[in-house]
Amino acid sequence: MLKPLRQGLPPLDPAAVSNAASCALPARYEAVREARRFTRGTLDQWDVGDRFDDICLVVSELVTNALRHGLPTEAGCPEHAQSVRLHLLCWSERLVCAVRDPSHETPVPRDSDDFSAESGRGLFLVDSFADSWGWHPLAGTLQGKVVWALFRLRTAD
């Protein structure tokens, strides 16, 4: 079905970013609600049109995956208390949601025929609602990876 993508973002001119926002998320599941609230507030200001709901859903899935699979399993790791970070970048015709976590593990979509399952479909939803998605390892002093989703935005003609 879905194959994991290990690639960088498609070519986007960083100098042409019209809007950017970022927030650190705590290592607890309430962070998904915080990420949705942050995304809704940011997208309201940016007026992204009909992609609003798709973007909010994908942000929820990416943050959930980062919390479930991207954090160390040892309880009480203070060095990872703010290790998940959400970035929103908007160009005139595209928006990118990127979630950073400390794991080096490849995001792998689960193979499941059980469409009533309550978990395990996150990357399938990301693939269904975003125009493209992928991931790449972080370089330099940053450890971990970034999982991103790209949305094409309609421009006012």
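Computed from a prediction, not measured in an experiment: that's the story for all the values here.

A.B. asks: I'd like a rundown of the environment of Thr42, residues and numbers included.
C.D. replies: For Thr42, the location among the structural elements is in helix H1 (residues 30-46). Residue classification places Thr42 among the buried positions, given a relative accessible area of 8%. For Thr42 and Asn19, which are 23 residues apart along the polypeptide, the C-alpha to C-alpha distance reads 9.5 Å. Contact partners of Thr42, with chain neighbours within four places excluded, come to Ala21 and Leu88.

A.B. asks: Now, about the packing of helix H2 (residues 52-69) against helix H3 (residues 122-129): what can you tell me, with residues and values included?
C.D. replies: Between H2 and H3, whose axes approach to 9 Å, the crossing angle comes to 150°. Classified by the angle between their axes, H2 and H3 sit roughly antiparallel to one another. Remark: the crossing between H2 and H3 carries left-handed chirality. Of the residues in H3, those touching H2 at Asp54, Leu57, Val58, Glu61, Leu62 and Asn65 are Gly122, Leu123, Leu125, Val126 and Phe129. Residue composition of the contact of H2 with H3, grouped by class: seven nonpolar, two polar and two charged.

A.B. asks: Help me get a handle on the confidence of the model for the protein chain, residues and values and all.
C.D. replies: Low pLDDT marks stretches whose predicted atomic positions should not be read closely. Averaged over all residues, the pLDDT of the protein chain is 82; the fraction at 70 or higher stands at 75%. Confidence over residues 1-6 falls short of pLDDT 50; this stretch has 16 contacts with residues more than four positions distant or in other chains.

A.B. asks: Report on the state of the cysteines, specifying residues and quantitative values.
C.D. replies: Applying the stated rule across the entire model yields zero disulfides. Cys56 supplies the cysteine sulfur nearest to Cys97, a cysteine that is in no disulfide, at a spacing of 8.4 Å. Using a relative accessible area of 0% as the deciding quantity, one classes Cys97 as buried.

Parameters and conventions
Residues numbered from 1 in each chain as written. Predicted model: local features only at pLDDT ≥ 70, side-chain atom pairs only at ≥ 80, totals over all residues. Heavy atoms only, no water. Helix = DSSP H or I, 4+ residues; strand = E, 2+ residues; numbered from the N terminus. Buried < 20%, exposed > 50% of the residue type's maximum accessible area, 1.4 Å probe, protein only. Contact = heavy atoms within 4.5 Å. Axes fitted to C-alpha atoms, helices over the stretch in contact; angles between N-to-C directions. Parallel < 35°, antiparallel > 145°, perpendicular 65-115°, else oblique. Left-handed = near helix turned anticlockwise from the far one by under 90°. Nonpolar A, V, L, I, M, F, W, Y, C, P; charged D, E, K, R; others polar. pLDDT = per-residue confidence, 0-100. Disulfide = S-S within 2.5 Å.

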